Amino acid sequence: MSPDKLKKFLFILILLTFFSLAAEKKFKVVIDPGHGGTNIGAVSGNIEEKDLTLALAAKIRAFFRKHPAEGIEIVFTRMDDSSMPIKERVEFIEQHQPDLFISLHFNSQKVLSTNRGFEIYYPPDFVSKDPASTALFYDKVNRSFYFGSIFRDLYFKANLHTTWRLPLNMFSQKYNFGLFDDTTVPGLLLEVAYISSPEDRACIENPLFTADVAWFIYDAIIQISNKNN
Ligand SMILES: [Zn+2]
């Protein structure tokens, strides 16, 4: 082979390798069912938050198995009733380096029972003191907000809004939350409904509600991954 032909051959080889690697790169999502084991989370009567988050994660997994989405990889922090401290969840997320992590929770209010609805939390955008990490930090916050906005926009077409009439709120997380503070990748925390609210609780106790929440999250992940490509 002449040097020119060899150059061409190598160039094509590099190009093919590059495109096949790019094609294999999947949009990776870590789903984190909150609480578990001795950490039961919020409680109301016989309802414990750790069971609700696990049941929801199982339903999301079932949808991904029934309707596989090419180009998306889903990983779960826990799929049984085991305790998992925040530190371990952070390590899990950092090890996997997903494009997005979603932590699943159900809210509760101790005194009043009037707070209700679905809440989307994204990391706060306080200025990082370390200039070297500022760009990365803002990238994480901006992406989280962007992914959260896709959830918010889809919400109004989803059964959660049209059938269950659940109100929606989107917030920047104000209080110290390890999963946001100690991870370097985009993340969202979803508080699905208030178990302390009689209206929300009526939804939670209906198995169709869990399926609709799971479908909403499944659908949002597909839309997010499509927009990300
Ligand atoms: Zn929780």
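Residues numbered from 1 in each chain as written. Predicted model: local features only at pLDDT ≥ 70, side-chain atom pairs only at ≥ 80, totals over all residues. Heavy atoms only, no water.

### Describing the coordination of the zinc ion
Next, step 1: Donor atoms from the polypeptide that bind the zinc ion are His35 (NE2), Glu49 (OE) and His105 (ND1), placed at 2.0 to 2.1 Å.
Next, step 2: Counting the intervening residues between successive donors of the zinc ion yields the motif H-x13-E-x55-H. Of the two residues, His35 sits in the loop between β1 (27-33) and β2 (43-44) while Glu49 sits in helix α2 (residues 49-66), which places them 14 residues apart along the sequence.
Next, step 3: The class of His35 is buried, set by a relative accessible area of 17%.
Next, step 4: When its relative accessible area of 4% is taken as the criterion, Glu49 is described as buried. (Donors = N, O, S within 2.8 Å, 3.2 Å for Na, K, Ca; no water. Helix = DSSP H or I, 4+ residues; strand = E, 2+ residues; numbered from the N terminus. Buried < 20%, exposed > 50% of the residue type's maximum accessible area, 1.4 Å probe, protein only.)

### Digging into the packing of helix α4 (residues 131-155) against helix α8 (residues 207-228)
Next, step 1: Packing of α4 against α8 leaves a shortest axis separation of 10 Å and a crossing angle of 130 degrees. Taken together, the axes of α4 and α8 lie oblique to each other. Along this stretch, α4 crosses α8, giving a crossing that reads as right-handed. Here Arg143, Tyr146, Phe147, Ile150, Phe151, Leu154 and Tyr155 of α4 come into contact with α8, specifically with Phe216, Ile217, Asp219, Ala220, Gln223, Ile224, Lys227 and Asn228.
Next, step 2: In terms of residue class, the contact of α4 with α8 is built from ten nonpolar, two polar and three charged. (Axes fitted to C-alpha atoms, helices over the stretch in contact; angles between N-to-C directions. Parallel < 35°, antiparallel > 145°, perpendicular 65-115°, else oblique. Left-handed = near helix turned anticlockwise from the far one by under 90°. Contact = heavy atoms within 4.5 Å. Nonpolar A, V, L, I, M, F, W, Y, C, P; charged D, E, K, R; others polar.)

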